[in-house]
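# Coordinate inspection notes
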Amino acid sequence: MLRDLCICPCFGSRNSDETGADRDPVLLVTGMGGSILHSKRKKFGLFETRVWVRILFSDLEFRKKLWSLYNPETGYTESLDDDIEILVPDDDYGLYAIDILDPSLVVKLLHLTEVYHFHDMIDMLIGCGYKKGTTLFGYGYDFRQSNRIDKLIEGLKLKLETAYKASGGRKVNIISHSMGGLMVLCFMSLHHDVFSKYVSKWITIACPFQGAPGCVNDALLTGLQFVEGLEACFFVSRWTMHQLLVECPSVYEMLPNPSFSWKIQPQINVWREHSEDGETFVKLESYNPTESINLFKEALRHNELNHDGNTIALPFNVSILNWAAGTRKLISNAKLPSQISFYNIYGTSFDTPFDVCYGTETSPIADLSEICHTMPQYTYVDGDGTVPAESAMADGLAAVERVGVAASHRGLLRDQTVFKLVQKWLGVEQVRKPSKTSKVANATLN
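Below is a summary of the structure that appears in this document. (Residues numbered from 1 in each chain as written. Predicted model: local features only at pLDDT ≥ 70, side-chain atom pairs only at ≥ 80, totals over all residues. Heavy atoms only, no water.)

Further remarks concern the overall build of the chain. Along the chain, the regular secondary structure elements total 13 helices and 19 strands. With respect to the principal axes defined by its C-alpha atoms, the chain has extents near 80 × 50 × 40 Å. In the chain, buried positions account for 58% of the 446 residues. Taking contacts inside the chain between residues at least 6 apart in sequence as the whole, the part at least 24 apart equals 78%. Of note, the chain has its 43 positive side-chain charges centred 9 Å away from the centre of its 53 negative side-chain charges. (Helix = DSSP H or I, 4+ residues; strand = E, 2+ residues; numbered from the N terminus. Buried < 20%, exposed > 50% of the residue type's maximum accessible area, 1.4 Å probe, protein only. Contact = heavy atoms within 4.5 Å. Lys, Arg positive; Asp, Glu negative; His and termini not counted. Charge placed at Lys NZ, Arg CZ, Asp CG, Glu CD.)

Right, let's talk about helix α3 (residues 119-127) for a bit. Counting buried positions along α3 yields eight of nine residues, so the element is predominantly enclosed. Of the positions making up α3, those classed as buried are H119, M121, I122, D123, M124, L125, I126 and G127. Looking at the packing, one finds that the buried side of α3 touches β2 (26-29), β8 (136-139), β9 (172-177), β10 (199-205) and α13 (416-426). G129 lies just past α3 and shows a positive phi near 100 degrees.

Our focus in this paragraph is the environment of F354. Secondary-structure assignment places F354 in strand β16 (residues 350-358). Taking C-alpha positions, F354 is 21 Å from C248, a pair spaced 106 residues apart along the chain. With near-sequence residues (within four places) excluded, F354 lies in contact with P213, G214, W262, I264, Q265, P266, Q267, T379, V381 and P388.

Attention now goes to the side chain of S167. Counting through the fold element by element, S167 comes out in the loop between α4 (150-166) and β9. For S167, a relative accessible area of 13% puts it in the buried group. A polar side-chain atom of S167 sits 3.1 Å from the main-chain carbonyl oxygen of Y164. Here R170 takes part through its backbone oxygen, which lies 3.4 Å from a polar atom of the side chain of S167. Not counting residues within four places of it along the chain, the set of residues in contact with S167 comprises P25 and T134. (Polar contact = N/O pair within 3.5 Å; in protein donor to acceptor, adjacent residues only side chain to side chain.)

Here we have six strands laid out as an open sheet, ordered β8-β2-β9-β10-β15-β18, and parallel in their pairing. Across the chains shown, the open sheet's two edge strands, defined by having one partner strand only, are β8 and β18 (401-406). Each adjacent strand pair in this sheet contributes to an overall mean axis angle of 20 degrees, direction not counted. Direction of pairing for β2 relative to β8: parallel, over a ladder of four bridges. Residue L28 lies in a different strand from β8, and its bridge partner there is G138. Against the sheet, α4 touches β2, β8, β9 and β10, its axis set at about 175 degrees to β8. (Pairing = 2+ DSSP bridges. Axes fitted to C-alpha atoms, helices over the stretch in contact; angles between N-to-C directions.)

So yeah, pure geometry; function would need other evidence.
As structure tokens, then:
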């Protein structure tokens, strides 16, 4: 079996300028699915195997290593295999894990941009004089977990402390992407004084402040396809991903906020077949964010997977929902310290799922459990293709600027307009051209 073993992630000319420009440190915080994840045997585990992201044998390795169950006693999602430990590599000052998510040679030769995550932004910042380990750091994490779980929050605290000390006591500028913004909000709410001590500016990109209605509702019901087209044949399947997401607190924390004043409430619509007095009729049923909970329960009541010969039930997890409600309350109570400058970039001009519909008038759903094996039909609004602009704009904070950029959710991380905004807000400009060749090391095949 082929396994990708990681080796030293940095070599060659992509290193920062040795002299280093006069810069305040920057910490890049990634979002959902935006970190490389490794697995290692707890007993006698000598090597780490990359399980996310990988192209070769991705679905098989994902099922073996990443399928998980939520533990309501600890609040953590734990791998089904008790001997497996999921780790996030911290090489290259945390940048390796968020750079190219599958750093194998074949991916770089084909330049599959779907897995080039913070890569272009890292290059841009290095071109602006930032130096890895002194003024440039990254934070990747186990994105299965809650955005407020202790391990992730303490990890972010350590990164802020490290960046602050490495730069000689200069305050840190955070750039977060997507769900990473929710984690920063949780941190700010839980550790307000620490946030005030270490942070100068916070730039958030494509953050689902009020949730991502269409994408997340459907992710809990039918799964998620991270890449489309031919590449999807080599990636984790929609159904395999679904079985993980049902047990991920982070996903529940991005459900549409029922307390938010949406212009129009997001809905799940189902064409249902009913029988009454021997007559069959079809009716369109609609569920708002609060009513959708009962739909999730009914649709997922028979959901199960087979792991290592054992059948494991995976219904809609009410314990996670209750935990996520606590996270939503924490986020709602977050207050931005007065001395910190906050900037918000959100995506526009892309059809973004909002309402989701299952079944049709001519092919209705008889039993709600059938939804899990049905492809969705979306109603779209403006946004980045994942997060509606309405949600991403609604940060509830005193922003210095909010700017909409015509780019997709992941495309925002390599967009030139975004780069110009970041440079302006950081008060820097490009001092040299970044290298066009990635110097992230190739993962070897064993």
